[in-house]
Amino acid sequence: MASITLKNIYKIYPGDVTAVHDFNLEIKDREFIILVGPSGCGKSTTLRMIAGLEGISKGELYIGDKLVNDVAPKDRDIAMVFQNYALYPHMTVYKNMAFGLQLRKVPKQVIDEKVKQAARVLDIEHLLSRKPKALSGGQRQRVALGRAMVRNPAVFLLDEPLSNLDAKLRTAMRSEITKLHKQLGTTFVYVTHDQTEAMTMGDRIVVMKDGFIQQVDTPQNLYDYPCNIFVAGFIGSPQMNFLPAVLQKQGGQFAAMFGDTPIVLPEGKGDPEKLAHYIGREVVLGVRPENLHDQAVYMDLPTTSVLHARVDLAELMGSEIYLYADCQGAKLVARVPPRSRTKDGDLIDLAVDCTKIHLFDKETEETICN
């Protein structure tokens, strides 16, 4: 098993195009780490540098305590699972899984044991004699995982492995891969643009944008304590609402004024010295959809802050309703229980859970308080 250390890693393409900037990360042995971000943020490039499929322009990459910048991919003790499965179409499942071991001159009996054991774990024993064209997307993905497993690598690298699957299968395969990680006790580095995958699978998440690391933390900490507007908006679905506000002091308490509505910060929320610096200045108020409550449902909800809004669209999701509303010209989304009777066009009072609000610097977009 192995840890991975990336020190001041850069990837610079011809024409002075920098895809990854000063990437520093310590991945612990047996950790499941997720690189997440929008298309073009550098996450797949970083994964390919770990694999050795892309050269490193600057910096040092260690697997365990070995510097591997100039080590060939085949000698790095890693296995990679690709988005498009990359199976050999003319070979059976068994041969696809066995091929890498055959190239390494592993004895036939050992190959047979490893392939059958991996097939058992992944529940594809009944598919070993089939060819890839006779398999569903989910089955092909299991074969690709099995081919990586039989090599017993120190590090698993997975590049958007579920993006070609339908929604139901993606959900099932998420839990399969998480179970597989626990079972194998191997270091997993997983790339995705899907924040739901990141939140449900990773021990830690690396959020990337434009080649830079924005924040590295556990899923819950990223959700509760985002370091800037980008992370706050990227993690969570529907995304956080962002409203223009001016910070003021009201009777000893800080309040973010959204139009003429004061959103009062509870006692102990934020650093008073830091907040005092923003009095009278424009800030960005962040509030997640689940922290806006339909007052008609929660009549006794204690709050000093209520937003009056007009509902443009009430979207029933089964277990909840998303209310897309207009409030003083700002668009927002509230996530309310299905017993809410709100319909399109209704006027609604939304109580803000002020303990859960976030404030951001309008200029730098950095977090002022969570």
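Everything below is about the structure printed above this text.
Student: Tell me what's going on with the sheet that holds strand β18 (residues 330-336), and back it up with residues and numbers.
Tutor: Strand order in the open sheet formed by five strands is β15-β19-β16-β17-β18, with antiparallel pairing between adjacent strands. Among the strands making up the open sheet, the edge pair consists of β15 (292-294) and β18. Recorded for the sheet is a direction-independent mean angle of 45 degrees between the axes of neighbouring strands. Two elements, strand β16 (residues 306-316) and strand β19 (residues 347-352), share five bridges in a ladder whose sense is antiparallel. Note on β19: the bridge partner recorded for A309 is I348.

Student: Any chance you could break down the nonpolar core for me, citing the residues and the numbers?
Tutor: With 45 residues, the main nonpolar core has M97, L145, L158, I177, Y190 and V207 as its most contacted residues. A per-element tally of this core places helix α4 (residues 137-149) first, with five residues. The residues touching L145, leaving out its near neighbours within four places in the chain, are V81, L122, F156, L158, M173, I177 and L180. Within the second largest apolar cluster, 33 residues are counted, among which are F258, L275, V283 and V311.

Student: Tell me about the side chain of S340, and please be specific about residues and values.
Tutor: Tracing the backbone shows S340 in the loop between β18 and β19. Of note is the side chain of S340, whose polar atom sits 2.6 Å from the side chain of D294. Setting aside its immediate chain neighbours within four residues, S340 contacts D294, V297 and I321.

Student: Explain the packing of helix α2 (residues 93-103) against α4 residue by residue, including any values.
Tutor: In the contact formed by α2 and α4, the axes pass within 8 Å of each other and the chain directions differ by 30 degrees. The pairing of α2 with α4 is recorded here as roughly parallel in orientation. The handedness of the crossing between α2 and α4 is right-handed. Each of V93, N96 and M97 in α2 lies in contact with α4, whose residues at this interface are V143, G146 and R147. A breakdown of the residues in the contact of α2 with α4 according to their chemical character gives three nonpolar, two polar and one charged.

Student: Tell me about the packing of aromatic side chains, and name the residues and values.
Tutor: According to the stated counting rule, one finds six aromatic pairs in the structure shown. On the basis of an interplanar angle of 25 degrees and a centroid distance of 4.8 Å, the ring pair of F156 and F188 is categorised as stacked. Highlighted residues: F156 in strand β7 (residues 155-159) and F188 in strand β8 (residues 187-192), separated in sequence by 32 residues. Like F156, the residue F188 is buried in the burial classification. Ring plane angle 20 degrees and centroid distance 5.6 Å describe the contact between F230 and F234, whose orientation is recorded as stacked. Of the two residues, F230 and F234 are both situated in helix α8 (residues 229-234); the distance of four residues between them amounts to about one turn of the helix. Exposure remark for F230: the relative accessible area of 17% places this residue in the buried category.

Student: Which residues make up the packing of α2 against helix α3 (residues 108-121), and what values do they have?
Tutor: Two numbers describe how α2 lies on α3: the axes approach to 10 Å, and their chain directions differ by 135 degrees. Viewed along their axes, α2 and α3 adopt a mutual orientation that is oblique. Note that α2 runs across α3; the crossing there is right-handed. For the pair formed by α2 and α3, the contact residues are Y94, M97, A98, L101 and Q102 on the first element and I111, D112, K114, V115, A118 and A119 on the second. Here the contact of α2 with α3 is composed, by residue class, of eight nonpolar, one polar and two charged.

Quick notes on the rules
- Residues numbered from 1 in each chain as written.
- Predicted model: local features only at pLDDT ≥ 70, side-chain atom pairs only at ≥ 80, totals over all residues.
- Heavy atoms only, no water.
- Pairing = 2+ DSSP bridges.
- Helix = DSSP H or I, 4+ residues; strand = E, 2+ residues; numbered from the N terminus.
- Axes fitted to C-alpha atoms, helices over the stretch in contact; angles between N-to-C directions.
- Core = buried A, V, L, I, M, F, W, Y, C linked by side-chain atoms within 4.5 Å.
- Buried < 20%, exposed > 50% of the residue type's maximum accessible area, 1.4 Å probe, protein only.
- Contact = heavy atoms within 4.5 Å.
- Polar contact = N/O pair within 3.5 Å; in protein donor to acceptor, adjacent residues only side chain to side chain.
- Parallel < 35°, antiparallel > 145°, perpendicular 65-115°, else oblique.
- Left-handed = near helix turned anticlockwise from the far one by under 90°.
- Nonpolar A, V, L, I, M, F, W, Y, C, P; charged D, E, K, R; others polar.
- Phe/Tyr/Trp six-rings, centres within 6.5 Å; stacked < 30°, edge-to-face > 60°.

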